[in-house]
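Survey of secondary and tertiary structure
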Protein chains: 2
Amino acid sequence: MTGRITITDVAQAAGVSVATVSKAINGRDGVSRATLAHVMRVVDDLGYESSLVATSMRRSRTNVIGVLVAEFEPFALQLLRGVSDALRDTRYDVLSYAGTVSAGEHHGWERRSLSRLGGTLIDGAILVTPTIAPDAPIPTVAVDPHVGTSRPATVSVQNVAGARAATEHLLTLGHRRIAHLRGRTDLESAQQREEGYRAALDAAGIRYDPALVADGGYRAAESTAGAHALLDLADAPTAVFAANDVSAIEMMRVATERGLRAPDDLSVVGFDDIPEAASHAPQLTTVRQPLLEMGAAAVRMLLAMLDGTEPDGVRMPTELVVRASTAPPRG
Amino acid sequence: MTGRITITDVAQAAGVSVATVSKAINGRDGVSRATLAHVMRVVDDLGYESSLVATSMRRSRTNVIGVLVAEFEPFALQLLRGVSDALRDTRYDVLSYAGTVSAGEHHGWERRSLSRLGGTLIDGAILVTPTIAPDAPIPTVAVDPHVGTSRPATVSVQNVAGARAATEHLLTLGHRRIAHLRGRTDLESAQQREEGYRAALDAAGIRYDPALVADGGYRAAESTAGAHALLDLADAPTAVFAANDVSAIEMMRVATERGLRAPDDLSVVGFDDIPEAASHAPQLTTVRQPLLEMGAAAVRMLLAMLDGTEPDGVRMPTELVVRASTAPPRG
DNA sequence: GTGAAAGCGCTAACAA
DNA sequence: TTGTTAGCGCTTTCAC
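Residues numbered from 1 in each chain as written. Chains lettered and ligands numbered in written order. Predicted model: local features only at pLDDT ≥ 70, side-chain atom pairs only at ≥ 80, totals over all residues. Heavy atoms only, no water.

1. Focus: the overall build of chain A
A count of helical and extended segments in chain A gives 12 helices and 12 strands. By the compact-globule yardstick of 20 Å for 331 residues, chain A is too spread out, its C-alpha radius of gyration being 25 Å. Counting only C-alpha atoms, chain A reaches 85 × 40 × 35 Å along its principal axes. With 331 residues in all, chain A has 53% of them scored as buried. (Helix = DSSP H or I, 4+ residues; strand = E, 2+ residues; numbered from the N terminus. Rg over C-alpha atoms; globule rule 2.2 N^0.38 Å. Buried < 20%, exposed > 50% of the residue type's maximum accessible area, 1.4 Å probe, protein only.)

Here it is, written out as structure tokens:
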């Protein structure tokens, strides 16, 4: 709990000016071998490390990449892991920041975070499920972006195909009353997943029933009401395609609470394949997104941007993973 | 990619001084209602957000809590999630930092990270599996600390009991050649888990065989050699208690690579119960640590410290979770 | 009620 | 080779 050791402390202890210490630390020339050695020894003795904050105020580069998230939920965490792995053995450190989503102020967290950290602290940012595309002060890559993104620097997946495969899986099992627990409608991914759901129904000649679509917002807390609403229906669905895994899991939780079992009474398919999907009981049938690879792709794009080139966006494949939460309808 | 909007821009646009803008933003008094309203409107128009960096250089408080990790691996990520959840609805934002572990320089990352962020940027830190106890410039809580921690502010679990339960489970199944894939020996947890392993063997009257203990370092990459070594043994083990889940999973991977199957040819038990444990095939039998609760506990302790009180350390219970990676030995 | 000025820790011109 | 100085964006005295 002692105060931090600053460059001034080092300078004093070494009997030189702070400028000399700064040069020594950063390997600039204009420092004699003797002074360099001496300063470095004092640095070691005192255990001095330069303050990231002060350094980044003065310098343009910090060699830190920021992963900006609204919330540390499983999707973001897996992505973070992919980013971090990809950044190992580069000169970059990783810093992840979750700005407070002050009650309802969901919108705009990315602008706030970017504004607070960008230009200082981080050299580039990876935005996870951003709501808007703020004009960033630094190179920025968006993962699973909002709708209508015009900038090329985005990483996303084949949502339509994935959602369609999920729905077709349920159709193949014999389900006809298939509900959809929708995602965050401001995100492109949620809209595309709903589109895939409807396309599959269309192709099967099943009329779209708006009553079978409820809002889940990609979050457990926001899915609860929707899950109940679907099960309250007079002609309740026998299967649900949830827009992501956490809402699928919440769907099953609500069903269980009401005395229904998956997959016997209700089949449920998710989307994402977060680690929790396979550890749930029953194991969740879901559409796999290659989250670690997506993190790595985001890193590649960001490094390219930092190098001055403007990379193309990437859209990665998805894959249906059939597990235990789906079965033919009863009766 | 436009330059950041600074307080100076706001001041200029509003036709007032930066001091006035600062006061307005921070709700200090000494600003007329009219000026306040006017400044706030300009702030909104320009989309200004104060720079975290600049602010934290000048102020002592930043209302940001740092979670400092060596690496974003599953254990740290789950903990981060717990911390983040616990910090919701407080005035604190979460920032997580993984300093580069420059080849071999594993030791001391926490001192570097703390030094670079502490005193500025973050008000308090949660250190995940720190190797040493640096005297921190700010309140600090250690989760799963190194050996011989003297400070009270630590969060850990009942490692001995957990490890003992894991080993006893294997004994009960009928195993006698039980190996141990050790963890990071600089951490208290790894030593205690080995202790629990040996205690269980002792109690069962089985002589400890040093050849059956290999190093895993809690990491997949470091477990590979140890896993091979154990399987290379003339009298190979029929079961392995790995010090954490990632090394248990690596153990199984190596076994599979060599044509062995879990649990038929080799039973494996892990420790942690990260989400990946249950999603692995076969599902991993493991010792559960309440990771989310541990994150929440760390937050409680840290907030107490920020309030000026010195909290006691906590040690949480573990629980054996039997899944599919363990079975009686063959023959 | 408002603004000028100092200074947080650091780096980069520039002078000596 | 070294030190002096200015200034990054912000907050905080302290004059006015």
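2. Some thoughts on the packing of helix α1 (residues 7-14) of chain A against helix α3 (residues 33-46) of chain A
Residues and elements named next belong to chain A. It is the contact of α1 with α3, at a shortest axis distance of 9 Å, that shows an interaxial angle of 125 degrees. One element, α1, and the other, α3, form an angle in the oblique class. The interaxial crossing formed by α1 with α3 has right-handed handedness. Along the contact surface, α1 presents D9, V10, A13 and A14, while α3 presents H38, V39, V42, V43 and L46. By residue class, the composition of the contact of α1 with α3 is 7 nonpolar, 1 polar and 1 charged. (Axes fitted to C-alpha atoms, helices over the stretch in contact; angles between N-to-C directions. Parallel < 35°, antiparallel > 145°, perpendicular 65-115°, else oblique. Left-handed = near helix turned anticlockwise from the far one by under 90°. Contact = heavy atoms within 4.5 Å. Nonpolar A, V, L, I, M, F, W, Y, C, P; charged D, E, K, R; others polar.)

3. Structural notes on unusual backbone geometry
A cis amide bond links A:A262 with the next residue in sequence, A:P263, at an omega value of 5 degrees. Of the consecutive residues A:A281 and A:P282, the connecting peptide bond is found in the cis state with omega at -5 degrees. On the secondary structure map, A:P282 appears in the loop between α11 (275-279) and β10 (286-288). Phi is positive for B:D273, close to 60 degrees, though the residue is something other than glycine.

4. Observations regarding the protein's contact with DNA strand C
In the vicinity of DNA strand C there are 25 residues, among which A:I7, A:Y48, B:G30, B:T35 and B:R58 approach most closely. Counting only atoms of DNA strand C within 4 Å of the protein, the fraction found in sugar and phosphate groups is 59%. Residue A:S51 places a main-chain N or O atom 3.3 Å away from a phosphate oxygen belonging to DNA strand C. At 3.5 Å from a base nitrogen of DNA strand C is found a main-chain nitrogen or oxygen belonging to A:A54. Listing elements by their share of the surface near DNA strand C, those giving two or more residues are α2 (18-25) and α4 (52-58) of chain A together with α2 (18-25) and α4 (52-58) of chain B. Counting residues per element, the surface near DNA strand C draws most heavily on α4(A), which supplies 4 residues. Residues belonging to the surface near DNA strand C are distributed by class as follows: 9 nonpolar, 11 polar and 5 charged. (Near = heavy atom within 4 Å. Polar contact = N/O pair within 3.5 Å; in protein donor to acceptor, adjacent residues only side chain to side chain.)

5. Here's the deal with the sheet that holds strand β7 (residues 213-215) of chain B
Residues and elements named next belong to chain B. Strand order in the open sheet formed by 4 strands is β7-β6-β8-β9, with parallel pairing between adjacent strands. Each edge of the open sheet is held by one strand with a lone partner, namely β7 and β9 (267-269). Going across the sheet, the axis of each strand differs from the next one's by a mean of 20 degrees, ignoring polarity. Judged from the 3 bridges that link them, strand β6 (residues 178-182) and β7 form a sheet pairing that is parallel. Among the inter-strand pairings, L181 is bridged to a residue of β7, identified as A214. Together, β6, β7 and β8 (239-242) form the strand contacts of helix α9 (residues 220-232), whose direction differs from that of β7 by roughly 155 degrees. Sheet strands in contact with helix α10 (residues 245-257) are β6, β8 and β9, and its direction is about 165 degrees off that of β9. (Pairing = 2+ DSSP bridges.)

6. Section: the pattern of salt bridges
Counting across every chain of the model gives 44 salt bridges over all chains. Of the charged contacts, one joins B:R112 and A:D93 as a salt bridge, the two residues approaching to 3.8 Å between their closest N and O atoms. Taken together, the positions of B:R112 in helix α6 (residues 109-117) and A:D93 in strand β2 (residues 93-98) put the pair across two chains. Residue class for B:R112 comes out partly exposed when judged on its relative accessible area of 25%. Between B:R184 and B:D186 there is a salt bridge; the shortest N-O distance is 3.0 Å. Residue class for B:D186 comes out partly exposed when judged on its relative accessible area of 23%. In the salt-bridge network here, residues are joined through shared partners; they are A:E71, A:R219, A:E222, B:D85 and B:R88. (Salt bridge = Lys/Arg side-chain N within 4 Å of Asp/Glu carboxyl O.)

7. Observations concerning the protein's contact with DNA strand D
The immediate surroundings of DNA strand D are formed by 24 residues, with A:G30, A:T35, A:R58, B:I7 and B:Y48 found nearest. A share of 59% of the atoms of DNA strand D within 4 Å of the protein falls on sugar and phosphate groups. A:S17 places a polar main-chain atom, nitrogen or oxygen, 3.0 Å from a phosphate oxygen of DNA strand D. A:M57 is positioned such that a nitrogen or oxygen atom in its backbone is 3.4 Å from a base oxygen of DNA strand D. Among the elements of the structure, α2 and α4 of chain A together with α2 and α4 of chain B are those that each provide at least two residues to the surface near DNA strand D. The element best represented in the surface near DNA strand D is α4(B), accounting for 4 residues. Of the residues assigned to the surface near DNA strand D, the class counts are 9 nonpolar, 11 polar and 4 charged.

8. Here's the deal with the relation of the copies chain B and chain A
Mapping chain B onto chain A calls for a screw motion: a turn of 180 degrees about the axis and a shift of 0.1 Å along it, with 0.1 Å RMSD after fitting. Such a combination of rotation and displacement between the chain copies is what one expects of a two-fold axis. Of the residues that chain B buries at the interface, 100% are likewise interface residues in chain A, meaning the two copies contact each other through the same surface. (Least-squares fit on C-alpha atoms with pLDDT ≥ 70 in both.)

9. Topic: the environment of A:E293
Relative to the helices and strands, A:E293 is located in helix α12 (residues 291-306). Those residues in contact with A:E293, other than ones at most four positions away along the chain, are A:R288 and A:M316.

10. Looking at the packing of aromatic side chains
Residues and elements named next belong to chain A. Under the criterion given, the structure shown has 1 aromatic pair over all chains. Ring geometry for F241 and F271: centres 6.5 Å apart, planes at 50 degrees, overall tilted. Of this pair, F241 sits in strand β8 (residues 239-242) while F271 sits in the loop between β9 (267-269) and α11; the two residues are 30 residues apart in sequence, bridging distant segments of the chain. A single burial state applies to F241 and to F271, both of which are buried. (Phe/Tyr/Trp six-rings, centres within 6.5 Å; stacked < 30°, edge-to-face > 60°.)

11. Some points on the interface of chain B and chain A
Chain B puts 50 residues into the contact, and the matching count from chain A is 50 residues. Summed over both sides, the interface of chain B with chain A buries roughly 4400 Å², with 54% coming from carbon and sulfur. Applying the counting rule to chain B against chain A returns 9 salt bridges. The residue B:E71 makes a salt bridge to A:R88 at a minimum N-O spacing of 3.5 Å. Where chain B meets chain A, there are 15 residue pairs in polar contact (both at pLDDT 80 or more). Looking at the side of chain B that touches chain A, the elements that each hand over two or more residues are α4, α5 (74-87), β2 (93-98), α6 and α11 (275-279) of chain B. Partitioned by chemical class, the residues of the side of chain B that touches chain A number 23 nonpolar, 16 polar and 11 charged. (Buried area = accessible area lost by both parts, 1.4 Å probe.)

12. With respect to the UniProt feature "domain: HTH lacI-type" (unreviewed entry) in chain A
The UniProt entry lists residues 5-59 of chain A under the feature "domain: HTH lacI-type" (unreviewed entry), expressed in the numbering used here. Annotated as 67% helix and 0% strand, the span residues 5-59 of chain A places its first and last C-alpha atoms 20 Å apart. (UniProt positions renumbered as here; feature names shortened; annotations may be inferred.)

13. A few points about empty space enclosed by the protein
Inspection of every chain in the model, using the stated rule, returns 2 cavities of 30 Å³ or more. Within this model, the largest cavity holds a volume of roughly 80 Å³. Considering the residues around the largest cavity, the lining is formed by A:P74, A:L77, A:Q78, A:P275, A:E276, B:P74, B:L77, B:Q78, B:P275 and B:E276. Secondary-structure elements contributing two or more residues to the lining of the largest cavity are α5 (74-87) and α11 of chain A together with α5 and α11 of chain B. Of the residues in the lining of the largest cavity, the class split is 6 nonpolar, 2 polar and 2 charged. Every element with two or more residues in the lining of the second largest cavity is listed here: β5 (154-157) and α8 (188-203) of chain B. Looking at side-chain class alone, the lining of the second largest cavity contains 2 nonpolar, 4 polar and 2 charged residues. (1 Å grid on protein atoms, 1.4 Å probe; cavity = no way out; pocket = protein on both sides within 12 Å on 5 of 7 lines; lining within 4 Å. Points joined across faces, edges and corners; volume = space filled by probe spheres on them.)

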